[in-house]
Structure formats: structure tokens, C-alpha cells
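# Examining the three-dimensional arrangement
Next come the chains, spelled out residue by residue.
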Amino acid sequence: MKDQLITWQNEDDAVITQWFFTSGDTVQEGDVVCEVTLEKTVVDIVATVSGELKILAEEDTEIGTNDPICAISPN
Amino acid sequence: MGNPESRKLNMARAISEAIAQEMRIDESVFCMGEDIRYVGGIWGHTAGLHEEFGDSRVIDTPISETAFIGAGAGAAMAGMRPIVELMFADFFGVCMNSIYSAAAKTHFMSGGQVSVPMVINTAVGGGYGDAAQHSQCLYSTFAHMPGLKVVMPSNAYDAKGLMTAAIRDDNPVVFMLHKNLLGVPFLGDERRATKPVPRYQFTLPLETASIVREGNDVTFVSIGVGVYHCLTAADQLAAEGVNAEVIDAISIAPLDRESIAKSVKKTGHLVVVEDDYRSYGFASEVIASVTESCHSNLKRAPLRITYPDVSVPFSPPLEDYCLPNPEKVKAAASALLL
Amino acid sequence: MPDSKPDAQTMIWMYRMMLTNRIFEVKMQAVYMEGKSPKFDLAKGIFPGEYHISAGQEPCAVGIEPHLLEDDWVGSTHRCHHVAFAHGLDGRAITAELLGKRTGLSGGLGGHMHLYDAKRRFSTTGIIGEGLPTACGAALAFKMQKSGRIAVAFTGDGAINQGAFHETVNLASVWQLPLVIVIENNQWAVSVPAAESTSMHDSESRAAAYGVAGFKAMNNDPEEIYALAEQAVSLARNELKPSILEIMTSRLEGHFMGDAQGYRSEEEISAAKANDPIDIHRLKLIDRSILTVSEADLIEEEVNAEVDQWISDAREAEYPEAETVFRHVYA
């Protein structure tokens, strides 16, 4: 199964405020991998599959629509 | 290769996970408070609970602290294990009888017949412009009441273990959430409280302090955000050849006097750091305790870095002036070791 | 007593005051948000902390103020700017206080939830219900002093479930004090709707339970509020009888700046904004030929310029010195 790419799917720009894993960690499907903050809302980014995480946008990075957040290599 | 158990949580999430896991196995546990349903709690620490457990176990209350906190005590006496929330510790004034009498004194006054197994969550701390009535700490106000346990974790790992322990404890436990450390984005950038937290349930003892940094030259005792001021100061002092031991007291009441005394016997120097008002406080109690038990080990009189005896000012530079910080801690240590 | 109506001058004053609050709140929102983007961090920017916007509730203040005399007491809450402006507090000093500057009402010590003007006997508090017993005490003092003055305490739909509300109304009633309690019912206590927090919604019955008169204004309309407030104020001032005046009003924004209001439906929020009381009042003034369109526009221009000046003065003002914190602990 190929890598799952998670991108920011919202029309508003946001900033990655906290990662709860580091690259190389194993995540489980359903884990909140990081939180992204819009002006007034915190959005949880959730792992869509279990596998090895690769962070593509670090903390404090601003992201726009379709910008990559992370990839997960299913195991 | 990453560690499969390296999942991190911030403190708010660690607390909600602890509560959710306990609620799954113990039907007597339920939550009551203002805005804990849809908002997941103003501080995010009850997020997800209403979605999982519904209206019957995650209950939004009217603005009636006396009634619902008192009701929490009563429900606890009648066999439940409520987790009730006093949104800001500053609000204690409107309902203190429910806490310091109904909750705290019942076990004693009944000669041990009646227990009040409840958790009272409450948020403390300032430094973000919330002014006199929403920025207080009030550690000693709660700690002063016999019958109450008062704990404050300084990181997510401790928070999960302590919350599980607090729910299972048969006493009323005031569980303080330091706003600077919860990890919610609207309350600042402190990341050091975010830690790897096991996915499984675990408990930590409620009455025990933690040595978070070992050293031989000076003992720093603190709680909450003060722990991080001490750690920062300790790093700076290490560069100058001074090694500080940093103790996170964790339990404000009962105080882990033994751990503190043991450290002071080793180092001979004590600095206590907290962000509550100076007089009649946590720092006062630590110093009194050390004086009683091991004053002959002290090479100099202890110092305390605290908030001054003034209400919290709104104006940002004034609030900054009042707050403890690493520079003040380092200066105190340097003064002791001159 | 026949329903009295505000005269044309009062109607114009009401418009100017409501606009002052609204334009202030809109401009100050932008000031508040400076530094709080992309991450909304309460500590950042020149206006830190919490900010509770009173947009939509302006009629509550302007409907009551015309009946007040100098030395009457007014107590308000965390959502207080509209009351402060209507009561005549200095806009420049309010603005400076919100930015924590030396020229603020409290020299920067209080902040947005703690606005005080001793000369005008105006105070606010951030603790729900705290202002009720205090206002009751002012009413007690006025009765003892035989001064013919009254106390008005603003409070909210959430606060009526605090013990202090119950105790205050009973005390004012049993002691027959010149107190008017104004419930600004915007239907929301942060995220909890009034329907889910309060058992007794009929304020006339609620008031009767305490042996006091109850009034209810339904339409967030300054004229309606004016008429009812006149009765409540007269009872207090002339007969030393307390009363409760409930006003169904509208919180156009969230509980505080930063509240995404996920618990409130889009339809409800749009409906509230579509019924903006200031727009409705302006239409009345024009329909009744009290103001022409260009006169109304001119007032808006003047208010805009005035608020801009307050904000620029506040930005330039200095912060208080650090040692100020030690100066006002004791008198």
C-alpha cells in the first residue's frame, strides 16, 4: 500500500501549532498526529492509516489549502 | 527508527484521555461543569467526552457553582465519583462552602463514616492579560483546608497518571490546571509540558514530589510553570559550574516534606519558586517545613521567588514585572551561593 | 402610567451612543487581533487578555440611561462597554484602559472587565453576580442618606442562577431598597443556552416570587426599554421599591473574541445580525424625519473620527511604571 499523504483541506490558511509525534514514529490509525490552528479553532489532524510518520511541515509553519502536512508509510 | 511508544500529548489532551479511559471502566464517574460539552471545556481538557458519553455523564451546568459543586459532593457521598469543574480558581469565592466544608470536612465530621470521592478541576495562572479576577493561583487558599488534597501536574505524563489516581482516590482532590502549561494554542507557546504519554491507563501517587533534575549545590522547589523557570535557571547555572536540584512538588497538599528535606540536607541551599501571592503561601509552607526539620543543614536563609502581595494588574509590563521568571530564580541562587 | 416615549433629542442621543459603542467594538476588535495572527494567542499584541464584545446589546444601556440622575449608581459586568459609554465615561480613558496605559480609567491596573469611574459611581466586575450585592449596598446607602438616588445593576441570563442573585433580590425586597436589576438576556451563557440552564423563564413570575415588580422588554428596542425603565426607575426613586427589568437582547458576536461559536447555528447568528437594533433605530429616525439620511451619516462620520482619535491617543500613551503595582493595594 502506498504512502498516505495528508494535506490541509480547508480554504483558510492556518498554522501548525503542535506535533505529537516525530518523523520515524509509528502512528496508529485514528491518532491525532498534530494540531493546526485557524484564527479561532483548533483542528486535529488524524492519521488515516497506521504506519511510519514523516513530517512535511514543522511546528509554526503556515499552511494553505492543499499544502502537505505529513505522510504515513503503512506497515 | 522511531519509538512506537513515543506518542506525545499536551496536558489538556492527557487529562481528557485519563478521564475517558476511567469513564469507560467505571460507570460511577461523570463530569459536571460550565461549557464542558460542545466546547470540550474552556481549556480543552474535556474534549471528546460528550461525544463518547453523552448528556447523562457529561453535563453542562448553569452558572451555579455553590449548587453544582455542592451537588458533586452530595453525589460522591451517595456512591458516585463526580469530576466537577470550577472553571477558574478565582471563582472559588462564590462557592467555597461547597468545597471547604461539604467536600473537605464531611469525612472527618462523620468520624470516617462518609467519604467524598470527587475531583474538582480548576484552572490557575496568569501572564496573558486576564487581570485581577482571572489570573490567580490561590494554591494555599485550597491547601489550607484540612481534608482536601491539592495536586498540580507540570507535564502531560504526570497529568494523566495523577488524574487517574485522583478519580480513584476516595478523597476530594482539587486538581489544578496551570493555564500556561495546558498546551492550548490560545494560551502561549510552552511546549515542555508536552510529553510522551502511554496509551494505557496508569496512576501516579498523589502525595509524592518528583526530582526532575538532580544536583548538589542548591535545591529549587516549585510547582506548575515555576518548575520550568527553575529548569531554565538550572541550565544557565550549570554553565557557570553550579548544579541545581529541581523538585516538582506536584502535591501541594499534603506536601511531600521528606523529599524536600532530603534534598536540602544534600545541598544546604533552598529557593522556593511559585506564582501565587507571596505571603501565607506554598513557599511559606515549604520554608517553614524545612526550618522545622533540617534548619541546621541550611547554610544560608532560604529565599522565595513569588508573586508580590498585590492583585494582578492588567497592564502587560506591570504583570510581567510581578511574575516569577528564570532570571529571578537564577539571581536568587547566585545570591545564596556568593 | 401611560407609556412614555423618548423625545427627538433623546432618540438622536441614543443613536449616537449606540453607534459609539458599535464603532468602538468593531475598531477595537481589529486592535485586539493585532499580533494574534496566525496563531490566536491571548497574551500577544497590544490588547492582551479577554475581550467581551457588547455589539447588539446597546439598547439595554441607552434605554435606561436617560432616566438616571447624577450620583445614581451603575454596576455592570464583563460585557460593559455599551453601558460605560451611555453613562458618560470618557472614551479616551476607556480605550487607554483596554490597552493598559497610564491614561486609562484605572491607570492600566484594571483592564477591559474592570472599568471604574468613581465620580460617576460606575463599576464593573468579571465575576458573575458579584456586582449585584454591591449595587444593593449602594441602594442601602442611598436609602440611609435619603438622597433620592438609585442603584442599577446590569446582569445576564446566566447570572440569575448564581446564589448572589437570589440573595440580592430578597435583601433589596425585604429592606425595600432603591435597586433596579437589569437582566440583559442574550440567551447565551458562553455556550449554554438559557433554555437549558434556567427553569423559570417568566421574569414577572420570578420577580413576584421575591415580592418585587417585574418588567420584560421583548424587542431589544430602545423605545420599549425606555418606557419600562421609566417605571422601574420611578418605583425605585419615588417609592423605594426594587424591581427586575429583563430585556431580551442579542449577542451578535461570540462570548469573547476568539469564540468560534460552534455551538450556535449559522441561522441564529445571521438572524441576529439581520435584526441589528442600530439599523432599525436609524430607520426610525429617518422615517420620522428626526434626522435626514445625511445628518445620520454625519453622526456616523463624527463617531468614527472620535473613536479613531481615542485609539491613536491610546496607542501613543505610555504604560504605567512597574512600581505602580504597589501603590493602590491599600488606600
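Everything discussed here concerns the structure shown above.
In this report, the structure presented in the accompanying data block is examined. One numbering rule holds for all chains: residues counted from 1, following each sequence as written. Note on labels: chains are lettered from A, ligands numbered from 1, in written order. For this predicted model, a pLDDT threshold of at least 70 governs which residues receive local features, and a threshold of 80 or more governs which side-chain atom pairs are given and counted, while totals over whole chains, interfaces and linings are taken from all residues. Water and hydrogen atoms play no part in the side-chain values, which are based on all heavy atoms of the structure.

The helix and strand tally for chain B stands at twelve helices and 14 strands. Taken over the C-alpha atoms alone, chain B extends approximately 60 × 55 × 40 Å along its principal axes. The classification of residues rests on relative accessible area computed with a 1.4 Å probe and restricted to protein chains. Under 20% of the type maximum is buried, over 50% is exposed, and intermediate values are partly exposed. Burial statistics for chain B: of 338 residues in total, 64% are counted as buried. Element-wise, carbon and sulfur atoms account for 54% of the exposed surface of chain B, whose accessible area totals about 11800 Å². Helical segments are the DSSP runs of H or I of at least four residues, strand segments are the runs of E of at least two, and each set is numbered from the N terminus. The accessible surface values rely on the Shrake-Rupley method and a 1.4 Å probe; as for residues, cover is taken only from the protein chains in view.

Residue and element names in this part refer to chain B. Counted residue by residue, strand 11 (residues 244-248) has five buried out of five residues, so it is predominantly covered. The criterion for strand pairing is that DSSP finds at least two bridges linking the strands in question. Examined bridge by bridge, strand 9 (residues 210-213) and strand 11 share three bridges and lie antiparallel to one another. The residue of strand 11 that forms the bridge with Ser210 is Asp248. As defined by bridge partners, strand 10 (residues 218-222) adjoins strand 11 across five bridges and the pair is classed as parallel. Looking across to strand 11, one finds that Phe220 is bridged to Val246. Handedness is read with the strands pointing away from the viewer; a crossover is right-handed when the path from the first strand over the helix to the second is clockwise. Between the parallel elements strand 10 and strand 11, the chain passes through helix 8 (residues 225-238) in a crossover that is right-handed.

This part is about the interface of chain A and chain C. For this analysis, residues touch if any pair of their heavy atoms sits within 4.5 Å. If you look at the interface, chain A gives eight residues, while chain C gives seven residues. Here a salt bridge means any side-chain nitrogen of Lys or Arg lying within 4 Å of a carboxyl oxygen belonging to Asp or Glu. Counting every contact that joins chain A to chain C gives zero salt bridges. Pairs of N or O atoms within 3.5 Å make up the polar contacts considered here, provided that, within protein, one atom can donate a hydrogen while the other can accept it, and that residues adjacent in sequence are counted only when both atoms are side-chain atoms. Our count for the chain A to chain C interface comes out at zero residue pairs in polar contact (both at pLDDT 80 or more). Residues are sorted three ways: Asp, Glu, Lys and Arg are charged, Ala, Val, Leu, Ile, Met, Phe, Trp, Tyr, Cys and Pro are nonpolar, and all the rest, Gly among them, are polar. Its residues placed into classes, the side of chain A that touches chain C shows two nonpolar, three polar and three charged.

Moving on, we come to the interface of chain C and chain B. Taken together, the contact between chain C and chain B spans 44 residues of the former and 40 residues of the latter. Counting each side, the surface lost to burial between chain C and chain B is near 3200 Å², with a carbon and sulfur contribution of 63%. The closest approach of N and O atoms between B:Arg37 and C:Glu196, which form a salt bridge, is 2.5 Å. Our count for the contact surface shared by chain C and chain B stands at 17 residue pairs in polar contact (both at pLDDT 80 or more). Every element with two or more residues in the side of chain C that touches chain B is listed here: helix 4 (91-98) and helix 7 (194-197) of chain C. Its residues assigned to classes, the side of chain C that touches chain B shows 21 nonpolar, 14 polar and nine charged. Defined in terms of a 1.4 Å probe, buried area is the accessible area two parts forfeit on being brought together, summed over both.

Residue and element names in this part refer to chain C. Reading across the sheet, the seven strands line up as 2-3-1-4-5-9-8 and stay open at both edges, with mixed pairing between neighbours. Each having just a single partner strand, strand 2 (116-117) and strand 8 (213-217) make up the two edges of the open sheet. Bridge count for strand 2 against strand 3 (residues 122-124) is two bridges, and the pairing is antiparallel. Paired with Tyr116 across the bridge in strand 3 is Ser123.

Centres within 6.5 Å make a pair out of two Phe, Tyr or Trp rings, where for Trp the six-membered ring is used; the pair is then stacked when the planes are under 30 degrees apart, edge-to-face when over 60, and tilted otherwise. Using the criterion set out here, one finds 16 aromatic pairs over all chains in the structure. With a centroid separation of 6.3 Å and 80 degrees between ring planes, the pair formed by B:Tyr277 and B:Tyr307 is classed as edge-to-face. Of this pair, B:Tyr277 sits in strand 13 (residues 270-277) while B:Tyr307 sits in strand 14 (residues 303-307), placing them 30 residues apart in sequence. Classification of B:Tyr307 as buried rests on a relative accessible area of 3%. On the basis of an interplanar angle of 85 degrees and a centroid distance of 4.9 Å, the ring pair of C:Tyr32 and C:Phe47 is categorised as edge-to-face. Taken together, the residues C:Tyr32 in helix 1 (residues 8-33) and C:Phe47 in the loop between helix 1 and helix 2 (58-62) connect sequence positions 15 residues apart.

The subject of this paragraph is the packing of helix 1 of chain C against helix 9 (residues 222-239) of chain C. To characterise two packed helices, one gives the angle between the axes of the helices and the distance between these axes. Residues and elements named next belong to chain C. Note on definitions: angles span 0 to 180 degrees between N-to-C directions of axes, and those axes are lines fitted to C-alpha atoms, for helices only across the stretch in contact. The N-to-C vectors of helix 1 and helix 9 enclose an angle of 115 degrees; their axes lie 11 Å apart at closest approach. For the crossing formed where helix 1 meets helix 9, the hand is right-handed. On the side of helix 1, the interface is formed by Thr10, Met11, Met14 and Met18, while helix 9 contributes Pro222, Glu223 and Tyr226. For the contact of helix 1 with helix 9, the residue count by class is five nonpolar, one polar and one charged. By convention the crossing between two helices is left-handed if the near helix lies anticlockwise of the far one by an angle smaller than a right angle, and right-handed if it lies clockwise.

This brings us to helix 5 (residues 131-145) of chain C. All names here are of chain C. An ideal rise of 1.5 Å per residue puts 21 Å on 15 residues; helix 5 measures up with 21 Å between its terminal C-alpha atoms. Here the buried face of helix 5 lies against strand 1 (73-76), strand 4 (151-156), helix 6 (163-174) and strand 5 (179-185). Where helix 5 terminates, the next one or two residues include Lys146, which has phi positive at roughly 50 degrees. Given a helix with a known number of residues, its expected span is that number minus one, times 1.5 Å.

In the structure shown here, the tally under the stated rule is 36 salt bridges over all chains. Notably, a salt bridge pairs C:Asp313 with C:Arg92, separated by 2.5 Å at the nearest N-O pair. Here C:Asp313 is found in helix 12 (residues 293-316), whereas its partner C:Arg92 is found in helix 4, with 221 residues between them in sequence. Salt-bridge contacts for C:Asp259 lead to C:Arg251; the nearest nitrogen and oxygen are separated by 4.0 Å. Each member of the pair C:Asp259 and C:Arg251 is classed as buried. Shared partners join several salt bridges into a network, and the residues in it are B:Arg37, B:Asp55, B:Asp60 and C:Glu196.

Bringing the pairing of strand 1 of chain C into the picture now. Residue and element names in this part refer to chain C. By the alternation rule, side chains of strand 1 split into Trp73 and Gly75 and Val74 and Ser76, which are all buried. By the bridge criterion, three bridges tie strand 1 to strand 4 in an arrangement that is parallel. Bridging from a neighbouring strand, Trp73 pairs with Ala151 of strand 4. Where strand 1 and strand 3 come together, three bridges link them in parallel fashion. Note on strand 3: the bridge partner recorded for Ser76 is Thr124.

Residue and element names in this part refer to chain B. Viewed as axis vectors pointing N to C, helix 8 and helix 12 (residues 326-337) meet at an angle of 55 degrees, and their least axial separation amounts to 8 Å. By the angle class used here, helix 8 and helix 12 are oblique. Considering the relative orientation of helix 8 and helix 12, their crossing is right-handed. Each of His229, Cys230, Thr232, Ala233, Gln236 and Leu237 in helix 8 lies in contact with helix 12, whose residues at this interface are Pro326, Glu327, Val329, Lys330, Ala333 and Ser334. The residue makeup of the contact of helix 8 with helix 12, split by class, is six nonpolar, four polar and two charged. In this scheme, roughly parallel covers angles under 35 degrees and roughly antiparallel covers those over 145, while 65 to 115 is roughly perpendicular and the rest are oblique.

Only residues above 30% relative accessible area that lack a salt bridge enter a patch, with like-charged residues linked at up to 9 Å and the nonpolar side chains Val, Leu, Ile, Met, Phe, Trp and Tyr linked at up to 5 Å. Think of it this way: Lys and Arg go in the positive column, Asp and Glu in the negative one, and His and the chain ends go nowhere. For this purpose, a charge sits on NZ of Lys, CZ of Arg, CG of Asp or CD of Glu. Residues A:Glu11, A:Asp12, A:Asp13, A:Glu62 and A:Asp67 make up a contiguous surface patch of negative charge. Secondary-structure assignment places A:Asp12 in the loop between strand 1 (4-7) and strand 2 (14-19).

Note that every value here comes from positions in space, so none of it alone points to a role or purpose.
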